[in-house]
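# Working through the structure, step by step
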Amino acid sequence: MAKILRVNMAQRNIIEEEVPEQLALLGGRGLTSTMILDEVPPGCHALGPNNKLIFAPGVVTGSAAASSGRISVGSKSPLTGGIKESNAGTPVATMLGRLRIKAIVVEGDPAPEGWWLLRVTSDSAELLPADDLDGAITSKVNEVLLERYGNRVGIVTVGPAGEQRMAMAGICFSDAEGRASRYAGRGGLGAVMGAKRLKAIVVDPQGAPGVEIKDQPLFRKGGRKLLDALQTHAVTKPGGTLNTYGTDALVNVMSEAGGLPTRNFARGNFEGANKIGGETLAETIAKRGGKGLSGHACHQGCVIKCSNIFPMEDGSEHVSVVEYESAWALGANCEIDDLDDVAEMIRLCNEYGVDTIEAGVAIGVAMEAGVVPFGDGKGAIKLLNEMGEGTPLGHIIGNGAAFTGRAFGVVRVPTVKGQAMPAYEPRAVKGMGITYATSPMGADHTAGYTVAQEILGIGGSEDALAVEGKADLSRSSQAASAFIDTFDYCLFIAFAILDIDTGLEGMVESINGVLGTEYTTADIDRIGMEVLRTERRFNELAGFTSADDRLPEFMTYEPLPPHNVVAGVSEAELDSVFA
Ligand code: SF4
């Protein structure tokens with residue numbers, strides 16, 4: 001029977017609970033957001049005693065469902081002040097699913113000193129002292145814990161940024177080979193874990209009973225249909241775009257479309273795009289003898305395999321993973337076109353435990369203030385090291401783009417609800433702008449990815465610069481994302497299921513097979529909207545209003561080259577998304 005583990009950091013005890021009936025059909029984001037609304041006072045301080053941090057694998061996670069090894073982390077965000085769900089692809093997710101652990105709830109006010117490690121096995125859960133890991137970078141934590149507990153365990157940890165409660169701190173999960181490289185990066189949830197003084201979680205899957213599946217034939221039938229779709233679609237199939245070039249393939253695509261934010265969102269195209277884009281990335285890995293670009297998966301069971309391992313010039317491993325958002329944030333957004341500098345910055349973000357998007361945008365804002373020049377890769381690396389060392393400047397940048405903008409008096413700060421914008425210029429891709437503005441998560445591309453239709457021609461074809469119809473497109477994309485995040489499939493399955501109806505049916509049939517439900521594809525929007533309403537309710541109670549569902553003012557009056565367009569979405573249109 002599935003269970004919830006409640007870890008009280010004040011009393012340092014762990015209680016095992018049965019899953020209440022009203023939560024039985026939920027997992028991932030749907031579960032974390034429902035529990036946060038039910039259990040966390042919306043007005044509480046995100047780093048205070050009343051906030052909670054909830055880890056929840058998806059409903060199908062741990063089963064044989066393709067590309068479903070993701071875990072959601074929910075909390076009140078120290079970055080936005082609103083509800084947050086951030087997810088990562090990792091074997092930790094599949095391990096918890098197979099152990100039938102529906103959620104781990106970390107709560108309570110810890111003593112102000114000492115660090116703790118939560119160890120979870122098939123028949124026990126215990127808190128152990130972890131002072132020996134005080135200040136450790138994430139790769140060191142994984143090295144120590146893999147040595148101590150064996151290389152079959154999964155590891156969750158925070159780096160020095162999380163320990164120092166920086167608002168851009170993420171939570172790091174081990175990948176398929178135990179690397180500290182997969183992040184629930186957004187929203188500063190690493191700072192919440194640091195505030196709970198939980199340095200790491202070790203999950204040992206030995207003896208796990210596996211995911212309970214109510215209807216095996218239906219589950220297998222649905223799984224086959226989804227798998228066929230993923231292995232057929234040009235973007236997700238073996239040897240397809242994601243498998244060959246990774247998500248970094250988007251750098252050139254977005255720059256050519258005029259929607260790649262460059263120089264702190266001053267332009268929509270980047271002269272150096274090709275030097276950091278997926279094609280150059282693939283060539284560089286091949287030339288240096290690196291392994292893993294084609295065929296590296298963040299967890300066993302992913303059939304898309306978009307991940308990569310980037311090598312140094314001598315072929316030795318430098319970092320995993322150079323992906324689009326990271327290469328853009330630390331590259332184009334800072335006008336840095338040296339792939340090795342970008343890789344080093346990603347490595348430092350991984351080691352110190354910060355979100356690459358928030359880091360790149362905060363550095364871009366600092367560059368606008370003249371702290372270091374645009375294009376200065378070594379200067380940007382120095383700023384990241386300031387964060388790791390916890391210097392005063394490091395704390396300013398480590399608290400995110402909005403905080404950095406306030407500290408230096410910068411007007412052009414690309415954030416919504418205090419969270420940095422990802423790699424799609426909202427003035428040039430209108431649907432994404434509406435998603436950024438209205439998502440309860442703050443600016444977040446994964447919250448409602450309209451780029452598929454607006455730029456890539458997947459699931460339909462829309463004019464990226466047109467506003468008409470985009471409120472509806474954003475709303476339906478946000479609902480679909482909330483649904484997928486609840487069952488914790490990788491969002492990249494969306495490329496296939498948007499175009500191939502049988503893949504979409506297969507996903508729903510797989511879910512029905514696990515739960516014994518009778519959902520149809522028509523339920524996707526309803527379930528997704530229920531999750532969104534839950535999240536928006538929390539935010540309303542925390543004091544958010546429609547005035548928070550807005551793009552930054554400078555985007556309403558500053559035309560963006562090369563299209564020379566402003567945001568151009570009215571307040572009425574933004575308010576219509578969830579009206
Ligand atoms: S497609 Fe990429 S991010 Fe998604 S589960 Fe697979 S390897 Fe991980």
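Structure shown above.
As a starting point, this report considers the structure included with it. (Residues numbered from 1 in each chain as written. Predicted model: local features only at pLDDT ≥ 70, side-chain atom pairs only at ≥ 80, totals over all residues. Heavy atoms only, no water.)

## Regarding the nonpolar core
Ranked by size, the top nonpolar core spans 120 residues in total, and within it Tyr-324, Trp-328, Ile-363, Tyr-424, Tyr-489, Met-507 and Ile-511 carry the most contacts. In this structure, Tyr-324 is in contact with Thr-247, Asp-248, Leu-250, Val-251, Met-254, Leu-260, Ala-423 and Tyr-424, ignoring residues within four places of it in sequence. With 31 residues, the next largest nonpolar core counts Met-9, Ile-104, Ala-184 and Met-193 among its residues. (Core = buried A, V, L, I, M, F, W, Y, C linked by side-chain atoms within 4.5 Å. Buried < 20%, exposed > 50% of the residue type's maximum accessible area, 1.4 Å probe, protein only. Contact = heavy atoms within 4.5 Å.)

## Details of unusual backbone geometry
Geometrically, the link from Ser-320 to Val-321 is a cis peptide bond, its omega value of 20° lying close to zero. Considering the arrangement of structural elements, one finds Val-321 in the loop between β14 (317-319) and α11 (324-330). For the peptide bond that leads from Pro-561 to Pro-562, omega is 5°, which places it in the cis range. Residue position: Pro-562 is located in the loop between α23 (554-557) and α24 (571-576). In this structure, Arg-165 takes a positive phi of about 60° despite not being glycine. Structurally, Arg-165 is set in the loop between α4 (160-163) and β10 (171-174). Judged by relative accessible area, which is 35%, Arg-165 ranks as partly exposed. A positive phi angle is found at Arg-197, which is not glycine, with a value near 60°. Checked against the element boundaries, Arg-197 lands in the loop between α5 (189-195) and β12 (198-203). (Helix = DSSP H or I, 4+ residues; strand = E, 2+ residues; numbered from the N terminus.)

## A closer look at the pattern of salt bridges
Enumeration according to the criterion identifies 41 salt bridges in this entry. In this structure, Arg-29 and Asp-485 form a salt bridge, with 3.1 Å as the shortest nitrogen-oxygen distance. With Arg-29 in helix α1 (residues 28-39) and Asp-485 in helix α19 (residues 470-487), this pair connects stretches of sequence that are 456 residues apart. (Salt bridge = Lys/Arg side-chain N within 4 Å of Asp/Glu carboxyl O.)

## Considering the sheet that holds strand β7 (residues 116-120)
Spatially, β8-β7-β12-β9-β10-β11 is the arrangement adopted by the six strands of the open sheet, whose pairing is mixed. Of all the strands in the sheet, just β8 (125-129) and β11 (180-184) have a single pairing partner and so form its edges. Sheet twist, expressed as the average angle between the axes of neighbouring strands with direction ignored, equals 25°. Running over the sheet, helix α2 (residues 91-98) touches β9 (154-157), β10 and β12 and is turned about 115° from β9. On top of the sheet, helix α3 (residues 138-149) reaches β7, β8, β9, β10, β11 and β12; it is set at about 145° to β9, its chief contact. (Pairing = 2+ DSSP bridges. Axes fitted to C-alpha atoms, helices over the stretch in contact; angles between N-to-C directions.)

## What to know about the pairing of strand β4 (residues 70-76)
Buried residues dominate β4, accounting for seven of its seven residues. Of the two faces of β4, the one lined by Arg-70, Ser-72, Gly-74 and Lys-76 and the one lined by Ile-71, Val-73 and Ser-75 are each fully buried. Bridge count for strand β3 (residues 53-57) against β4 is four bridges, and the pairing is antiparallel. Bridge assignment links Phe-55 to a residue of β4, and that residue is Val-73. Of the strand pairs in this sheet, β4 and strand β5 (residues 83-89) are connected by seven bridges, and their pairing is antiparallel. Looking at the pairing, Val-73 lines up with Ser-86 of β5. Between β4 and β5, which pair antiparallel and follow one another directly, the connecting turn spans six residues, one of which, Gly-81, has a positive phi of 80°.

## Points about the environment of Val-141
As for its position among the elements, Val-141 is in helix α3. Note on Val-141: relative accessible area 0%, which makes it buried. The spacing of Val-141 and Gly-259 is 118 residues in sequence and 38 Å in space, taken between C-alpha atoms. Apart from the residues lying within four places of it in its own chain, the contact partners of Val-141 are Leu-133, Ala-136, Thr-157, Lys-199 and Ala-200.

## Focus on the pairing of β12
Here β12 lies mainly inside the structure; six of its six residues are buried. Examined bridge by bridge, β7 and β12 share five bridges and lie parallel to one another. Each bridged residue has a counterpart across the sheet, and for Leu-117 the counterpart in β12 is Ala-200. In this structure, β9 lies alongside β12, joined through four bridges in antiparallel fashion. Directly across from Val-156, in β12, lies its bridge partner Ile-201.

## Notes on the site of the ligand
Taken together, the neighbourhood of the ligand is formed by Arg-70, Arg-182, Ala-297, Cys-298, His-299, Cys-302, Ile-304, Lys-305, Cys-306, Cys-490 and Phe-492. For the shell around the ligand, a count of residues per class yields seven nonpolar, one polar and three charged. (Near = heavy atom within 4 Å. Nonpolar A, V, L, I, M, F, W, Y, C, P; charged D, E, K, R; others polar.)

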